Every structure is written in C-alpha cells, then in structure tokens.
Amino acid sequence: MKKKLIWIAPLAITAIVAFVFAGGWVVQHLWNWLVPWLFGWHQVSFWQALGLLALCRILFGSWGGHHGGRSNFRRRMGEKWDRMTPEEREKFRQKWGSRCGGFGEPSSGAKEPV
C-alpha cells in the first residue's frame, strides 16, 4: 500500500499542476484570440489568464461539495406537495402568498394580463 501511495501522490500533484497550466494556457489563448477583436480590450498574460480562471471558478463554479442542491430542493418539495391534502395545499398557498407577493390566481381587483 505504501509503495502504491509513493507513486500515486507525486503523479496526482503533477496532474493537478498540468491541468491548471493547461487551463491557464487555454483561457489565455481564447481570450487573446477573441476578446481584443470583439471588444477592443487588451490581451492578457498567462498569469492574468490564471487569475481570470480562478475568478470565474469563484463566481460561477463551485469548489466541490454538494451539487444540484436546488433541484434536490424541488424534488423534496414536490414529494411534500404530493403528500398534502387539498386543504393543506390551500393553507400553504395562503401562507406563502402573503410572503412572496402572491402567486396563483389573481386577487380581486387585479387586472388580468392582456
């Protein structure tokens, strides 16, 4: 087991470093190929491309952990909704309608969309 770990750890570190550098290289070349021509912005260096890659990962990606939490929430709420009686559903609509500004049927006096 230790012999296997001795080979796997350096190989994994090397693969991670190679992946990061390949990602930076791809971002740099795509940026320098498209963005100056499309928007007239400046070209970026390799290190700036790595920074962009990290920034995009922070803003739009995730760092691991639980994925698809929202869809999981919808599934659980759908199951809960299916188990409710019609009376419980109406009570739920009224409760959340007051919190969320209403949904479902328009209130009296409200105009229908044209």
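Everything numeric in this text was worked out from a predicted model, so none of it was measured.

Scoring rules and cut-offs
Residues numbered from 1 in each chain as written. Predicted model: local features only at pLDDT ≥ 70, side-chain atom pairs only at ≥ 80, totals over all residues. Heavy atoms only, no water. Patch = residues over 30% accessible without salt bridge, like charges linked within 9 Å, V, L, I, M, F, W, Y side chains within 5 Å. Areas by Shrake-Rupley, 256 points an atom, 1.4 Å probe, with all protein chains shown as cover. Salt bridge = Lys/Arg side-chain N within 4 Å of Asp/Glu carboxyl O. Lys, Arg positive; Asp, Glu negative; His and termini not counted. Charge placed at Lys NZ, Arg CZ, Asp CG, Glu CD. Helix = DSSP H or I, 4+ residues; strand = E, 2+ residues; numbered from the N terminus. Buried < 20%, exposed > 50% of the residue type's maximum accessible area, 1.4 Å probe, protein only.

Participant: Got a minute to help me understand a positive patch on the surface in this structure?
Facilitator: Taken together, the side chains of Lys80, Arg83, Lys91, Lys95 and Arg99 make up a positively charged region of the molecular surface. Only helix 3 (69-83) and helix 4 (86-100) provide two or more residues apiece to the positive patch. In terms of residues, the positive patch owes the most to one element, helix 4, which gives 3 residues. Mapping Arg99 onto the fold places it in helix 4. Residue class for Arg99 comes out exposed when judged on its relative accessible area of 55%.

Participant: How should I be thinking about the pattern of salt bridges in this particular structure?
Facilitator: Close approach of charged atoms lets side chains of opposite charge pair. Considering all chains together, one arrives at 2 salt bridges under this definition. Arg93 is paired through a salt bridge with Glu90; the nearest N and O atoms lie 3.7 Å apart. Residue Arg93 and its partner Glu90 are both found in helix 4; the two are separated by 3 residues, about one turn of the helix. A relative accessible area of 37% places Glu90 in the partly exposed class.

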